[in-house]
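# Fold and contact review
So you can see what is in the structure, the chains are spelled out below.
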Amino acid sequence: MLSIHKQQTKEGLLIELSGTIEENVQFEQLVGPIQGELTVKCRAVTRINSVGVKTWMKYFQALKAQGVRVKFIECAYPIIEQLNMISNFACGGEVVSILLPFSCVACQNEFVANCKTSELKASGLQVPKAKCEKENCGAQFDDDPEEYFYFLED
Ligand SMILES: [Zn+2]
């Protein structure tokens with residue numbers, strides 16, 4: 001089940017997706033008309049299945065055809081996974097930022113850090129420094145950087 005929170009900004013429409021993207025998702029109905037550009041916040045997407053992927057691509061390809069500028073921000077792991085598997089999953093939209101999973105080596109705290117893809121590219125796809133919220137803790141990246149950042153390679 002997917003829920004969408006909408007907010008009008010001066011650039012256009014900001015939508016926040018949360019939950020699962022599966023067969024019953026009706027993007028056109030949920031999102032409605034778009035004035036200006038569309039920013040899609042994907043922080044709370046927990047799952048996307050194969051039918052969900054098809055629905056997603058159909059919707060965003062149609063927006064591309066209509067000339068709507070699309071930005072994806074705070075992409076969670078299920079979205080990253082698809083970006084890495086399907087080369088045009090963003091359908092011409094810009095992936096502005098992604099969430100990086102970290103865990104603390106000292107206290108086992110798990111957390112995510114939002115990172116701009118422009119900064120990742122500028123650094124040559126190095127994992128940025130992150131820190132556990134407690135003092136004197138450390139953090140390590142919880143995934144394989146090469147696999148995780150694959151879609152950002154040129
Ligand atoms: Zn810690």
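For every chain, the first residue of the written sequence is number 1, and numbering continues from 1 onward in sequence order. It should be noted that, the model being predicted, local features are given only for residues of pLDDT at least 70 and side-chain atom pairs only at 80 or more, the latter also being counted only at that level, while totals for whole chains, interfaces and linings use all residues. As a convention, hydrogens and water are excluded, and side-chain values are obtained from all of the structure's heavy atoms.

## Thoughts on the packing of aromatic side chains
To be explicit about the condition: In this scheme Phe, Tyr and Trp rings, the latter by its six-membered ring, pair at centre separations within 6.5 Å, and the angle between planes marks the pair as stacked below 30 degrees, edge-to-face above 60, and tilted otherwise. A run of H or I in DSSP becomes a helix once it reaches four residues, and a run of E becomes a strand once it reaches two; helices and strands are each numbered from the N terminus. Here's how the labels work: a residue is buried when its accessible area is under 20% of the maximum for its type, exposed when over 50%, partly exposed in between, all with a 1.4 Å probe on protein chains only.
A complete count under the given rule lists 14 aromatic pairs for this structure. Here Trp56 and Phe72 contribute two aromatic rings whose centre-to-centre distance is 5.5 Å and whose plane-to-plane angle is 20°, an arrangement assigned as stacked. Of the two residues, Trp56 sits in helix 2 (residues 50-65) while Phe72 sits in strand 4 (residues 70-73), which places them 16 residues apart along the sequence. Across this residue pair, the class does not change: Trp56 and Phe72 are buried. Each ring, one from Tyr148 and one from Phe149, has its centre 5.9 Å from the other, and the planes form 85°; the classification is edge-to-face. Of the two residues examined, Tyr148 and Phe149, each falls in the buried class.

## Notes on the domain arrangement of the protein
Test applied: The domain limits used here are those given by an automatic or database domain assignment.
By domain assignment, the protein separates into domain 1 (2-95) and domain 2 (101-142). Here the C-alpha centroids of domain 1 and domain 2 sit 25 Å apart.

## With respect to the sheet that holds strand 1 (residues 2-8)
Condition: At least two bridges found by DSSP between two strands are what make those strands a pair. Only heavy atoms matter for contacts: two residues are in contact if any of them lie within 4.5 Å across the pair. Here, axes are lines fitted to C-alpha atoms. For helices the fit covers the stretch in contact, and angles between N-to-C directions go from 0 to 180 degrees.
Spatial ordering of the open sheet is given by 1-2-3-4-5, a layout of five strands whose pairing is mixed. Each end of this open sheet is capped by a strand with a single partner; those strands are strand 1 and strand 5 (94-95). Bridge count for strand 2 (residues 12-21) against strand 3 (residues 37-48) is nine bridges, and the pairing is parallel. Bridging across to strand 3, Ile21 finds its partner in Ile48. Where helix 2 meets the sheet, it contacts strand 2, strand 3 and strand 4, and its direction lies at approximately 175° from that of strand 3. Against the sheet, helix 3 (residues 77-85) engages strand 3 and strand 5, with an angle of about 100° to strand 3.

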